[in-house]
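Reading the structure
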Amino acid sequence: MRILGFMTGTSLDAVDMAILETDGETLQGFGPAAEAPLPDALRDLLSRTIKTALQHPRGAPEPALFAEAARAVAEAHFEAGSAFLRANGMHWSDLDLVGMHGQTVLHERPSGGRPGRTLQLGDGEWLAGAAGIPVAFDFRTADVAAGGEGAPLAPVYHLARAAASGLPAPLAVLNIGGVANLTCWGGGDRVAAFDTGPGNGLIDQVVLARTGERFDRDGRLAREGKVHPKVLEQLLAHPYFAEAPPKSLDRYDFSPAPTEGLPLADAVATLTAFTAECVARAFGVVDIRPASLVVTGGGRRNPAIMGALAERLSCTVADVESVGWRGDALEAEAFAFLAARCLRGLPISFPGTTGVRAPMTGGRLAQPG
């Protein structure tokens, strides 16, 4: 099957797109990939929706606002996908399936006996009608309803990608987005995956608040500043780190408040060290000892983060491009792969990845017309 995967991150900056040829078990080919910026009006709407979700008590969120945002997300995906296909001499009819992750506006893990909540906005039915082909979407809800964390979901694709590339176990894949998540593969079906802690999220928050820039470009601020050990220990005292995996995070579960009294460069340096230390501690709570770590996500482009990881880990650390993977397309590819598994009723979450009791499929399938 030829499948177009869509992924939008928590930074609200762009939608990633990639075409993958797969049956949900093996990878037959890789098509074009690209990204398209989200329209400013949609970013404003999503920011308002996220704020509402964070402030809303448990229960149903405001239906009109969320329905408006879900439709707007689907429309933006259709417009981006149409332009992407035209640029590559293709049409929607050349595809068999679409996998749309949707825009995460809320992710609450199970706590105190209460079930978790997760919400990725994207009107799959509307997109299927507009594109004229089936759309797999809403990948996380079933897992959460079954008692799982709902994240991470990419590990099953990481393993398929490693197998297709001939990469040997033990291997780890680290995705550094707003939150960082780790997949450790020990060979066969030995896999452990969970969110390690903040990725770029806290760094981006501080840089944006103090400079108006959206991130620490090339890690310049981090390399200019110094790490404050007491502040780092304060950040590491968060109760999340005392919990055993599987476990997951929302980007807003942590706050950069402990760094508020520091000069900007020192705050960024300390938060960069925090991201790396979270990963180092994550390696200490799994019984798989990877020989190598490949890093994807925006954090792989930050030399300060990559250097901090190399200092703290005993395995080799490299970006995914060094092993022939497309770092900018990897998550979009993953949701194309998950769409195929959804269509075929294959599991997408597992006890070692989300903590669900047994491997289970997930996602909803919207048909055109």
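I will try to describe carefully the structure that is included in this document. What you are looking at is a predicted structure, and each value in this text was computed from that prediction instead of being measured.

Now for the packing of aromatic side chains. For the structure shown, the criterion picks out nine aromatic pairs. Taking the centre distance of 5.9 Å and the plane angle of 80° together, the rings of Tyr240 and Phe241 count as edge-to-face. One aromatic cluster in this structure is built from Tyr240, Phe241, Phe254 and Phe274. If you follow Lys247 out to its NZ or CZ, it ends over the ring of Tyr240, 4.3 Å from the centre.

Bringing helix H1 (residues 40-55) into the picture now. In a regular helix each residue adds 1.5 Å, so 16 residues correspond to 22 Å; H1 covers 23 Å between its end C-alpha atoms and thus fits that length. Those residues of H1 lying buried are Leu42, Leu45, Leu46, Thr49, Ile50, Thr52 and Ala53. Summarising the axial view, the buried residues of H1 lie within an arc of 160°, below the 170-degree limit, and thus occupy one face. Exposed positions of H1 whose direction lies more than 90 degrees from the buried face are Asp40, Asp44, Lys51 and Gln55. On its buried face, H1 is in contact with helix H2 (63-87), strand S5 (103-108) and strand S6 (117-121).

Ranked by size, the top nonpolar core spans 46 residues in total, and within it Leu174, Leu182, Phe274, Phe283, Leu293, Leu309 and Leu313 carry the most contacts. Tallying contributions element by element places helix H9 (residues 264-283) first for this core, with eleven residues. The contact partners of Leu313, leaving out residues within four places of it in the chain, are Val279, Ala280, Phe283 and Leu293. Listed in part, the 39 residues of the second largest apolar core include Ala36, Leu38, Ala80 and Ala128.

Bringing the pairing of strand S8 (residues 171-176) into the picture now. Counting buried residues in S8 gives six out of six residues, a clear majority hidden from the surface. Here S8 folds back onto strand S9 (residues 179-187), and the loop between the two strands holds two residues. Bridge count between S8 and strand S11 (residues 292-296): five bridges; the pairing is parallel. Paired with Asn175 across the strands is Thr296, a residue of S11.

Turning to the packing of helix H6 (residues 201-211) against H9, a few remarks are in order. It is at 9 Å that the axes of H6 and H9 come closest, and there the two elements cross at 170°. Classified by the angle their axes make, H6 and H9 are roughly antiparallel. H9 is crossed by H6, and the crossing has left-handed handedness. Across the interface between the two elements, Leu202, Ile203, Val206, Val207, Arg210 and Thr211 of H6 pack against Leu264, Ala267, Val268, Leu271, Thr272, Phe274 and Thr275 of H9. Tallied by class, the residues present in the contact of H6 with H9 amount to nine nonpolar, three polar and one charged.

So, about the sheet that holds strand S4 (residues 97-100). Strand order across the open sheet formed by six strands is S3-S2-S1-S4-S7-S13, with mixed pairing between neighbours. Two strands bound the open sheet, and with one partner strand each, they are strand S3 (27-37) and strand S13 (364-366). Each strand of the sheet is rotated relative to its neighbour by a mean of 20°, with strand direction disregarded. Pairing analysis gives two bridges linking S4 to strand S7 (residues 135-137), with the strands arranged parallel. Note that in S7 the partner of Gly99 across the bridge is Ala136. Contacts from helix H3 (residues 124-131) reach strand S1 (2-8), S4, S7 and S13, with the element oriented near 160° to S7.

What counts, and at which threshold
Residues numbered from 1 in each chain as written. Predicted model: local features only at pLDDT ≥ 70, side-chain atom pairs only at ≥ 80, totals over all residues. Heavy atoms only, no water. Phe/Tyr/Trp six-rings, centres within 6.5 Å; stacked < 30°, edge-to-face > 60°. Lys NZ or Arg CZ within 6 Å of the ring centre and 35° of its normal. Helix = DSSP H or I, 4+ residues; strand = E, 2+ residues; numbered from the N terminus. Expected span 1.5 Å × (residues − 1). Buried < 20%, exposed > 50% of the residue type's maximum accessible area, 1.4 Å probe, protein only. Arc of directions from axis to C-beta. Contact = heavy atoms within 4.5 Å. Core = buried A, V, L, I, M, F, W, Y, C linked by side-chain atoms within 4.5 Å. Pairing = 2+ DSSP bridges. Axes fitted to C-alpha atoms, helices over the stretch in contact; angles between N-to-C directions. Parallel < 35°, antiparallel > 145°, perpendicular 65-115°, else oblique. Left-handed = near helix turned anticlockwise from the far one by under 90°. Nonpolar A, V, L, I, M, F, W, Y, C, P; charged D, E, K, R; others polar.

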